[in-house]
Each structure stands twice: as C-alpha cells, then as structure tokens.
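Coordinates in review
Here is how the chains run, residue by residue.
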Amino acid sequence: KICNVMAGSALLKDELLVGRILEAVVGAVPGTPVTLKIRTGWDKANRNALSILGIAEQSGIRALAVHGRTRACAYMGHAEYETIAAVKAAARIPVIANGDITSPEKARQVLDTTGADALMIGRAAQGRPWLFREIEHYLRTGTHLLPPRVGEIHDILRAHLEDLYAFYGVDTGVRVARKHISWYTRGLVGSASFRHRMNQLPEVLQQRNAVNEFFLSLAEHSERLSYDPTDNNNIE
C-alpha cells in the first residue's frame, strides 16, 4: 500500500525527491535532530544505500538506520550486514543496524560485523519486550539473564491489553489484541491450543479471562517462562 503511492522505501527510486523531503523536514524543525531509516535499495540490482547516505548527510540528517534488505526482498532471506558495514565505513553520522536481530548473541554478531553505532529491533521484540534488557546485559557482561518470571510477563501483557482496549475501543481492541497475545505466548507450553481458543473469543471480558487462566496455569508449573520446542510458533 505504501510503495504503490511512491512512499516509504519506494522513495529509494527517486533520489532527488529524497533530498527535497529530507531538506524540508530538517528545515522545518530547527534545533531538533532528524533521523532517517532506509533499506539497502529498491532491489538487489539497485542498491543505493551509499547514495542515500550522502544525501542524508548533506541534508542535515543526524543518524541513519539501515534495514539490511532491499524493498523487493520484503522480509525474506537474510539481512545484508555487509551493506550496512559499507554504509558505516563511509558515514560521518551514527549508523544503526537493523534486521534479523533476534537474540543477545545475534546482537553481538551484528555489532561486530557492521561496526554500527547502535541496533534497531522490530519484529523480534513483538511479545518479547524483555529482549532489550537481555541484549543490554549480554553486551555488558557476556552472560545471559534468567528467563522472565511468568508473573512478570502476565502483568506486562495485561497492561498492554488494557492500553489496546483504551486506544482502539473494545470491539477493534479485541481483534487487535489477538495478534499481540499470540506474540506474547508463542512457543510457550500449551500455547497452540490456547491461541486457537482465544482467537474465537469476541468480548473483552472473555479475552481477559482466557489470558489470566493461561498464565495462572503456567505459573502453577514453573516460576519462569519455558518454551515448547514442538510449537511451530516458537521464538527464533
């Protein structure tokens, strides 16, 4: 939808327009740092991340995040960390690496491979907001934190659900909440059958009760989260 109206990563096809947009945004907010996120190019035959870097620096962009895939790659294949490394080597502004960072070990690998100044994480943090503290701890100490306690994750999810209901309203909120509940519970013991039942519940109260019952059942068996390796929705 975005690219069909020449927005988002479709703009990589029009470098002159990229420059005009960046200059307009930077000029509209004097004194406020403006950052930019890009992909490596439109497709594998047209990688122009280095050109966009130059345009960004000239326009006054203060930091550049690079998702290591082209627009055509969508989320398939593997992130191109070598392209991010090339951008970092040429950059005079901070570069943020993005793409396929799913664990503390992968975070360390990406930083070492790209030389990036920071990391950006998207999909891997869906339902796993504690991933950030796990990475921070691993980068600082080289050791792993214990898995989160079941009660903590239950509390985080309940608060998240209430925010969703308040923001979207109860009808839409219930529907939007389903995918978030699935992300929080993917790979947990017994979660496959729970997700199937939960996705059929039409009301907020039913959804709340189902989540509470599932996590209370987990807590009866283990204080900390444990994952079922046979669940096809297990965390990568």
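Further up the page is the structure itself.
Residues numbered from 1 in each chain as written. Predicted model: local features only at pLDDT ≥ 70, side-chain atom pairs only at ≥ 80, totals over all residues. Heavy atoms only, no water.

1. Overview of the overall build of the protein
Selection criterion: Only DSSP runs of H or I covering at least 4 residues are called helices, and only runs of E covering at least 2 are called strands; the numbering of each starts at the N terminus. Should any heavy atoms of two residues lie within 4.5 Å, those residues are considered in contact. Note that accessible areas follow from Shrake-Rupley with a 1.4 Å probe, and for residues the cover is restricted to the protein chains shown. Counting rule applied: Lys, Arg positive; Asp, Glu negative; His and chain ends not counted. Note on charges: their place is set at NZ of Lys, CZ of Arg, CG of Asp or CD of Glu.
When helices and strands are tallied, the protein shows nine helices and four strands. Going from N to C terminus, the protein has its helices and strands arranged as α-β-α-β-α-β-α-β-α-α-α-α-α. The principal-axis extents of the C-alpha atoms in the protein amount to approximately 55 × 45 × 35 Å. Taking all contacts inside the protein whose residues are at least 6 apart in sequence as the whole, residues at least 24 apart take part in 63%. Counting only carbon and sulfur atoms, one obtains 54% of the accessible surface of the protein, whose full area is about 12,900 Å². A distance of 3 Å separates the average location of the 28 positive side-chain charges in the protein from that of its 25 negative side-chain charges.

2. Thoughts on the sheet that holds strand 3 (residues 95-98)
So the rule is basically this: Pairing between two strands is assigned when DSSP locates at least 2 bridges connecting them. Note on geometry: axes are C-alpha line fits, over the in-contact stretch for helices, and angles between N-to-C directions span 0 to 180 degrees.
Pairing within the open sheet is parallel, and its four strands lie in the order 1-2-3-4. Two strands in the sheet have a free side with no partner beyond their single neighbour: strand 1 (35-39) and strand 4 (118-120). Recorded for the sheet is a direction-independent mean angle of 25° between the axes of neighbouring strands. As paired elements, strand 1 and strand 2 (residues 63-67) share five bridges and run parallel to each other. Bridged to T35 within strand 2 is A63. In the packing of helix 3 (residues 81-90) onto the sheet, the strands contacted are strand 2 and strand 3, and the crossing angle to strand 3 comes to about 175°.

3. What about the environment of I93?
As a reminder of what qualifies: Think of it in three bands: with a 1.4 Å probe and only protein chains considered, a residue is buried below 20% of the maximum accessible area for its type, exposed above 50%, and partly exposed in between.
Secondary-structure assignment places I93 in the loop between helix 3 and strand 3. Among the residues examined, I93 registers a relative accessible area of 13% and is labelled buried. Considering only alpha carbons, one finds I93 and A56, 37 residues apart in sequence, at a separation of 9.4 Å. Setting aside residues up to four positions removed in sequence, I93 forms contacts with L53, E57, I61, R62, A63, L64 and D117.

4. A few points about the pairing of strand 3
Filter applied, for reference: Here the term right-handed applies to a crossover when the path leading from its first strand over the helix to its second strand runs clockwise, the strands being oriented away from the viewer.
Here strand 3 shows a buried face lined by V95 and A97 and a second buried face lined by I96 and N98. Where strand 2 meets strand 3, four bridges bridge the pair, whose relative direction is parallel. Bridge pairing links A65 to I96 in strand 3. Taken together, the three bridges between strand 3 and strand 4 define a ladder with parallel strand orientation. Note on strand 4: the bridge partner recorded for I96 is A118. As for the winding sense of the linkage, the β-α-β connection from strand 3 through helix 4 (residues 104-114) to strand 4 is right-handed.

5. Describing the nonpolar core
Which entries qualify depends on this criterion: As used here, the term nonpolar core means buried Ala, Val, Leu, Ile, Met, Phe, Trp, Tyr and Cys residues forming a set that is joined through side-chain atoms within 4.5 Å.
Counting 32 residues, the largest nonpolar core has L36 and L64 as the members making the most contacts within it. Listed by contribution, the elements that provide at least two residues to this core are helix 1 (15-28), strand 1, helix 2 (49-59), strand 2, helix 3, strand 3, helix 4 and helix 5 (131-141). Sort the elements by how many residues they give to this core and helix 2 lands first, with five residues. Each residue touching L36, except ones within four places of it in the same chain, is listed here: L22, I52, A56, I61, A63, L64 and A65.

6. Remarks on unusual backbone geometry
Although it is not a glycine, D100 adopts a positive phi angle of roughly 65°. In this fold, D100 is placed in the loop between strand 3 and helix 4. Owing to a relative accessible area of 17%, D100 belongs among the buried residues under this scheme.

7. Focus: the pattern of salt bridges
Charged atoms that come close allow side chains of opposite charge to pair. Convention followed: The term salt bridge refers to a side-chain nitrogen of Lys or Arg lying within 4 Å of a carboxyl oxygen of Asp or Glu.
Enumeration over the complete set of coordinates arrives at 10 salt bridges. Its salt-bridge partner being R133, residue E152 comes within 2.8 Å of it at the nearest N-O pair. Taken as a pair, E152 in helix 6 (residues 150-168) and R133 in helix 5 lie far apart in primary sequence, 19 residues in all. Take R133: its relative accessible area is 36%, and that puts it in the partly exposed class. Residues E136 and R140 are paired through a salt bridge, measuring 2.9 Å at the closest nitrogen-oxygen approach. With E136 and R140 both in helix 5, this residue pair falls four residues apart, about one helical turn. For R140, a relative accessible area of 56% corresponds to the exposed category. One salt-bridge network, held together by shared partners, links R69, D100 and R123.

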